[in-house]
Amino acid sequence: MIAAGQHLVLVGLMGAGKSTVGRLLGERLGRRVVDSDAVIEAQTGRTVREIFEHDGEPAFRTLETAALLEALADAEPLVIAAAGGVVLREENRAALRRPDVRVVWLAADPAVLVERVRSGAHRPALDDDPAGTLRRMHETRESLYREVADLIVSVDGRSVTDVVEAILR
Ligand code: S3P
């Protein structure tokens, strides 16, 4: 159960539904929703793709850490839809393990995700071989998502409303 003062953070692979589930959870809980990619794009005035292509992934990851830590420093408890790669840095995982933070992993089979996810302005990694990329990301990150998760919700074959109810229960 989410305590009143705790931030609620959604993690999981691209396409798992973090932004959509986050928006609904924000409505249900009466909380502001922060999407880490959207924060980065608003603050830099550039798309995630532009940052990846011009500055490289490490530069993007540094912005991602800053966006996460800034959201977690907010005194108001938030719903945070964290981008898929947020668990890659130990510094981020340490922040996600804080007692005032509850983490929900939206777990999905990468073979199912590939059917619903598209590359685009914020997902340059999916331009080539999306199935292989998602499978590799799943292999690398599964243990990291598990490490930070307080709750694991499987999203395969479930509606968004069902996932939201499972989190709130
Ligand atoms: C990434 C996920 C994307 C975005 C970037 C990298 C990743 O966010 O930050 O393309 O490495 O998993 P979403 O998970 O919101 O799609």
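Notes on the structure in this doc start here. All residue numbers refer to positions counted from 1 along the written sequence of the respective chain. Reporting of local features is limited, given that this is a predicted model, to residues whose pLDDT is at least 70; pairs of side-chain atoms are given and counted only at 80 or more, and all residues count toward the totals for whole chains, interfaces and linings. Hydrogens are left out, water is left out, and the side-chain values use all remaining heavy atoms of the structure.

1. A word on the sheet that holds strand E4 (residues 101–107)
So, point 1. Between any two strands, pairing holds if DSSP finds at least two bridges. Helix numbers and strand numbers start at the N terminus; a helix is a DSSP run of H or I with at least 4 residues, a strand a run of E with at least 2. Pairing is parallel across the open sheet formed by 5 strands, whose spatial order is E2-E3-E1-E4-E5. Strands with a single pairing partner mark the edges of an open sheet, and in this sheet they are strand E2 (33–35) and strand E5 (151–154). The sheet shows a mean angle of 20° between the axes of neighbouring strands, taken without regard to direction.
So, point 2. Of the pairings in the sheet, the one linking E2 to strand E3 (residues 79–81) comprises 3 bridges and is parallel in character. Paired with Val-34 across the two strands is Ile-80, which belongs to E3.
So, point 3. The strands touched by helix H7 (residues 130–148) are strand E1 (7–11), E4 and E5; relative to E4, the strand with the most contacts, the crossing angle is about 145°.
So, point 4. What makes two residues a contact is simply this: any of their non-hydrogen atoms within 4.5 Å. Geometry is summarised by axes, namely lines fitted to C-alpha atoms with helices restricted to the contacting stretch, and by angles between N-to-C directions that run from 0 to 180 degrees. Along the sheet face, helix H8 (residues 160–168) touches E1, E4 and E5 and points at about 160° away from the line of E5.

2. Let's talk about the site of the ligand
So, point 1. The nearness test applies per residue and asks whether one of its heavy atoms lies within 4 Å of the molecule or strand. Around the ligand, 14 residues are found, and the nearest of them are Asp-37, Arg-61, His-122, Arg-123 and Arg-141.
So, point 2. Nitrogen and oxygen atoms within 3.5 Å of one another constitute a polar contact, given that in protein one can donate a hydrogen and the other can accept it, and given that sequence-neighbouring residues count only through two side-chain atoms. Measuring from an oxygen atom of the ligand, one finds a side-chain N or O atom of Arg-61 at 2.7 Å.
So, point 3. In this structure, Arg-123 approaches the ligand through a side-chain N or O atom, which is 2.7 Å from an oxygen atom.
So, point 4. Under the convention used here, a 1.4 Å probe and the Shrake-Rupley method define accessible areas, while residue burial counts only the protein chains that appear. Starting from 380 Å² of accessible surface for the ligand in isolation, the protein chains cover 97%.
So, point 5. Residues are called lining when one of their atoms sits within 4 Å of a cavity or pocket point, these points coming from a 1 Å grid over the protein atoms alone, where a cavity is a set in which a 1.4 Å probe fits but cannot get out and a pocket is an open set with protein on both sides within 12 Å along at least five of seven lines. By definition, a pocket or cavity contains a molecule when more than half of the molecule's atoms lie within 2 Å of the pocket's grid points. Here the ligand is seated within the largest pocket.
So, point 6. Elements with a contribution of two residues or more to the shell around the ligand: helix H4 (57–72) and H7.
So, point 7. When its residues are assigned to classes, the shell around the ligand shows 6 nonpolar, 3 polar and 5 charged. Following the grouping adopted for this structure description, the nonpolar residues are Ala, Val, Leu, Ile, Met, Phe, Trp, Tyr, Cys and Pro, the charged ones are Asp, Glu, Lys and Arg, and the polar ones are all others, Gly among them.

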